[in-house]
Amino acid sequence: MTWPEMQPLLEQACTETLVMVGWSTLIAVVGGLPLGILLVLTDKGGLLQNTVVNKVIGQIVNVGRSLPFIILMVALMNFTRWVTGTTIGSEAAIVPLAIGGIPFFARLVETAVREVDHGLVEAVQAMGGNTWTIVRKVLVPEALPSLIASTTTTVIALIGYSAMAGTVGGGGLGDLAVRYGYQRFETGLMWITVAILAVVISLIQFAGDFAARALHRRGARSGPGPRLRLLKGDEPATAEVGKVA
């Protein structure tokens, strides 16, 4: 197969992979971020300590992470058909990719949030901050470098899942490698596909590491004092309470 013949196939496969990974990552982050934070808040000693809720959420996350992706795709076929109207193609692959990515990202978020200095949380509580204020102005901002790294890890994992989805008609680079590289013995095309995946993953990892390091350095320069100034909007209310007292 010549390059002019390969080019349109590669362009279409790259576009399909980009769509699958992009949408599934967005859904995984939107669903996994609050889930991971909730795991921390409801844990023993957490701001919203609730053993039952924590165990239930934790078990759901564990089950979601324990299922091999290929089995998850098969198990969700009826749900995927109900959502997208089909079980074949890149649009259909987004459903199992997103569902598989949510528990994966949730555990990474939980680990990142647990690393936040508890002294900052106590300081905000002493200033009268409620749970939502602590989450919005302490936990998430302080854990942001780790959350960026977690998102990078999730994107790379979903790229691998998307290639696996191609083996069952999910489209993308995985589908191209199987149909042409394996079934039609187009070894050159298969190795080009592998090279594209390697380059894309390397670029994503580099970008994620750079962003995480930049945020970490900026946070280190600012120090804990300026971070707590994020709560300055609450200070007038605190002052008023002091005057009344």
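Positions within a chain are numbered from 1, following the residues in the order the chain's sequence is written. In keeping with the model being predicted, local features are shown solely for residues with a pLDDT of at least 70 and side-chain atom pairs are shown and tallied solely at 80 or more, while totals for entire chains, interfaces and linings include all residues. For the side-chain quantities, the full set of heavy atoms in the structure was used; hydrogens and water were omitted.

A. Examining the overall build of the chain more closely. Each helix and strand in the chain was counted, giving 11 helices and zero strands. Helices and strands appear in the chain in the N-to-C order α-α-α-α-α-α-α-α-α-α-α. Accessible area is worked out with a 1.4 Å probe on protein chains only. A residue is then buried under 20% of its type maximum, exposed over 50%, and partly exposed in between. Counting only residues that meet the buried cut, the chain has 35% of its 245 residues in that class. Considering only intrachain contacts with a sequence separation of at least 6, the fraction spanning at least 24 residues in the chain is 72%. Here a helix means four or more residues in a row that DSSP labels H or I, a strand means two or more in a row labelled E, and each is numbered from the N terminus. Contacts: residue pairs with any heavy atoms within 4.5 Å of one another.

B. The arrangement of the nonpolar core in detail. In this description, a nonpolar core means a group of buried Ala, Val, Leu, Ile, Met, Phe, Trp, Tyr and Cys residues linked to one another through side-chain atoms lying within 4.5 Å. With 21 residues, the main nonpolar core has F69, L97, L176 and L189 as its most contacted residues. When contributions to this core are tallied by element, the ones reaching two or more residues are helix 1 (3–41), helix 3 (69–75), helix 5 (90–114), helix 7 (131–165), helix 8 (172–182) and helix 9 (187–222). For this core, the element with the highest residue contribution is helix 1, accounting for five residues. Those residues in contact with L176 that lie beyond four places of it in its chain are L9, L10, A13, G181, L189 and T193. I37, L120, V121 and V135 belong to the second-largest nonpolar core, a separate cluster that totals 17 residues.

C. Just the environment of G101, in detail. The residue G101 is located in helix 5 in this model. Overall, the relative accessible area of 1% leaves G101 in the buried class. Along the chain, G101 and G64 lie 37 residues apart, while their C-alpha atoms are 8.8 Å from each other. What G101 contacts, discounting residues up to four positions off in sequence, is A28 and L158.

D. The arrangement of the packing of helix 1 against helix 7 in detail. Running from N to C, helix 1 and helix 7 point in directions that differ by 140 degrees, and their axes come no closer than 9 Å. One element, helix 1, and the other, helix 7, form an angle in the oblique class. Handedness of the crossing formed by helix 1 with helix 7: right-handed. Facing helix 1, whose interface residues are T17, M20, V21, S24, T25, V29, L33, I37 and L41, helix 7 presents T131, V135, L139, V140, L147, T151, V155, L158, I159 and S162. Nonpolar residues are Ala, Val, Leu, Ile, Met, Phe, Trp, Tyr, Cys and Pro. Charged residues are Asp, Glu, Lys and Arg, and all others, Gly as well, are polar. Here the contact of helix 1 with helix 7 is composed, by residue class, of 13 nonpolar, six polar and no charged. To define axes, lines are fitted to C-alpha atoms, for helices over the stretch in contact only, and angles between the resulting N-to-C directions are given on a 0 to 180 degree scale. When an angle is under 35 degrees it counts as roughly parallel; over 145 it counts as roughly antiparallel; between 65 and 115 it counts as roughly perpendicular; any other value is oblique. Handedness of each helix crossing follows the sense of rotation of the near helix against the far helix: counterclockwise by less than a right angle gives left-handed, clockwise gives right-handed.

E. A look at the packing of aromatic side chains. Paired rings are identified among Phe, Tyr and Trp, the last through its six-membered ring, by centres lying within 6.5 Å, and are further divided according to the angle between planes into stacked (under 30 degrees), edge-to-face (over 60) and tilted (the rest). If you walk through the whole model with that rule in mind, you get three aromatic pairs. When the ring of F206 is compared with that of F210, the centres are 6.5 Å apart and the planes differ by 20 degrees; the resulting orientation is stacked. Residue F206 and its partner F210 are both found in helix 9; the two are separated by four residues, about one turn of the helix. Overall, F206 belongs to the exposed group, its relative accessible area being 54%.

F. Up close: the packing of helix 1 against helix 2 (residues 51–66). Where helix 1 meets helix 2, the axes come as close as 9 Å, and the angle between the chain directions of the two elements is 135 degrees. Between helix 1 and helix 2, the angle is such that the two are oblique. As helix 1 runs across helix 2, the sense of the crossing is left-handed. Where helix 1 abuts helix 2, its residues L35, L38 and L39 lie against N54, I57, G58 and V61. Within the contact of helix 1 with helix 2, the residues separate by chemical class into five nonpolar, two polar and no charged.

G. Quick look at the side chain of N54. Inspection of the secondary structure assignment puts N54 in helix 2. Any pair of nitrogen or oxygen atoms within 3.5 Å is treated as a polar contact; in protein, a donor-acceptor pairing is required on top of that, and neighbouring residues in sequence qualify only through side-chain atoms on both sides. A polar side-chain atom of N54 sits 3.1 Å from a polar atom in the side chain of T42. The contacts of N54, once residues within four sequence positions are left out, are L39, T42 and D43.

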